[in-house]
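A closer look at the structure
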Amino acid sequence: MGSLSIWHWLIVLLVVVMIFGTKKLRNIGTDLGSAVKGFKEGMKSEGEAPAKDAPVVGHTIEGEVKKEGQPRA
(Lines give C-alpha, C1' and ligand atoms only; values in the text may rest on other atoms or scores of the structure.)
Protein backbone atom coordinates (compact mmCIF):
# COMPACT_ATOMS: atom_id res chain seq x y z
CA MET A 1 0.00 0.00 0.00
CA GLY A 2 3.03 2.38 0.12
CA SER A 3 3.52 5.49 -1.98
CA LEU A 4 2.63 5.73 -5.64
CA SER A 5 5.33 4.95 -8.18
CA ILE A 6 5.98 6.77 -11.45
CA TRP A 7 3.84 4.23 -13.31
CA HIS A 8 0.84 5.00 -11.12
CA TRP A 9 1.22 8.74 -11.82
CA LEU A 10 1.51 8.09 -15.58
CA ILE A 11 -1.70 6.05 -15.56
CA VAL A 12 -3.49 8.80 -13.59
CA LEU A 13 -2.21 11.41 -16.08
CA LEU A 14 -3.40 9.30 -19.02
CA VAL A 15 -6.87 8.93 -17.49
CA VAL A 16 -7.11 12.68 -16.80
CA VAL A 17 -6.10 13.49 -20.39
CA MET A 18 -8.66 11.02 -21.71
CA ILE A 19 -11.44 12.49 -19.57
CA PHE A 20 -10.78 16.22 -20.06
CA GLY A 21 -8.89 16.31 -23.35
CA THR A 22 -5.72 18.24 -24.12
CA LYS A 23 -7.48 21.44 -25.19
CA LYS A 24 -9.38 21.76 -21.92
CA LEU A 25 -6.22 21.04 -19.90
CA ARG A 26 -4.28 23.64 -21.92
CA ASN A 27 -6.97 26.26 -21.20
CA ILE A 28 -6.92 25.42 -17.49
CA GLY A 29 -3.12 25.76 -17.45
CA THR A 30 -3.25 29.12 -19.23
CA ASP A 31 -5.92 30.43 -16.84
CA LEU A 32 -3.98 29.24 -13.81
CA GLY A 33 -0.75 30.80 -15.09
CA SER A 34 -2.39 34.19 -15.72
CA ALA A 35 -4.01 34.09 -12.26
CA VAL A 36 -0.64 33.45 -10.59
CA LYS A 37 0.98 36.20 -12.67
CA GLY A 38 -1.77 38.68 -11.68
CA PHE A 39 -1.38 37.72 -8.03
CA LYS A 40 2.38 38.31 -8.14
CA GLU A 41 1.90 41.73 -9.78
CA GLY A 42 -0.68 42.66 -7.16
CA MET A 43 1.64 41.73 -4.33
CA LYS A 44 4.52 43.59 -5.97
CA SER A 45 2.56 46.83 -6.45
CA GLU A 46 1.30 46.71 -2.86
CA GLY A 47 4.84 46.90 -1.48
CA GLU A 48 5.94 49.88 -3.59
CA ALA A 49 6.49 53.33 -2.12
CA PRO A 50 3.67 55.90 -2.45
CA ALA A 51 3.72 58.26 -5.42
CA LYS A 52 5.39 61.66 -5.06
CA ASP A 53 2.09 63.49 -5.60
CA ALA A 54 0.32 61.54 -2.86
CA PRO A 55 0.04 63.33 0.50
CA VAL A 56 2.26 61.98 3.25
CA VAL A 57 0.26 60.95 6.28
CA GLY A 58 1.85 60.22 9.64
CA HIS A 59 5.34 61.36 8.68
CA THR A 60 7.61 61.72 11.71
CA ILE A 61 10.51 64.17 11.79
CA GLU A 62 13.06 63.37 14.43
CA GLY A 63 15.10 66.14 15.97
CA GLU A 64 16.24 67.78 19.15
CA VAL A 65 14.79 70.90 20.73
CA LYS A 66 17.28 73.30 22.34
CA LYS A 67 16.57 76.41 24.34
CA GLU A 68 17.30 79.74 22.79
CA GLY A 69 20.78 81.01 23.54
CA GLN A 70 22.21 77.54 24.12
CA PRO A 71 25.41 76.91 22.09
CA ARG A 72 25.24 74.40 19.27
CA ALA A 73 27.31 71.27 19.54
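Scope of this entry: the structure provided in the associated data block.

Criteria and thresholds
- In this convention, every chain numbers its residues from 1, walking through the sequence in written order.
- Whole-chain, interface and lining totals are the exception, using all residues; otherwise, since this is a predicted model, local features are given only for residues with pLDDT of at least 70 and side-chain atom pairs are given and counted only at 80 or more.
- Working from all heavy atoms in the structure, the side-chain values ignore hydrogens and water.
- Put simply, DSSP H or I for four residues or longer makes a helix, DSSP E for two residues or longer makes a strand, and each gets a number counted from the N terminus.
- Residue exposure (1.4 Å probe, protein chains only): buried if accessible area is under 20% of the type maximum, exposed if over 50%, otherwise partly exposed.
- Exposure was quantified through the Shrake-Rupley algorithm and a 1.4 Å probe, taking into account, for residues, occlusion by the shown protein chains and nothing else.
- Working rule for helices: expected span equals 1.5 Å times residues minus one.

The next thing to look at is the overall build of the chain. Scanning the chain from terminus to terminus reveals two helices and zero strands. Evaluated residue by residue, the chain yields a buried proportion of 0% over its 73 residues. Surface exposure of the chain reaches about 7700 Å², of which carbon and sulfur atoms provide 63%.

Compared with an ideal rise of 1.5 Å per residue, which puts 15 residues at 21 Å, helix H1 (residues 6–20) spans 21 Å between its outermost C-alpha atoms and is within 8% of the ideal. Little of H1 sits out of view: just zero of its 15 residues are buried. Positive phi appears at Gly 21, one or two residues downstream of H1, with a value of about 85 degrees.

That's the geometry; what it means functionally is another story.
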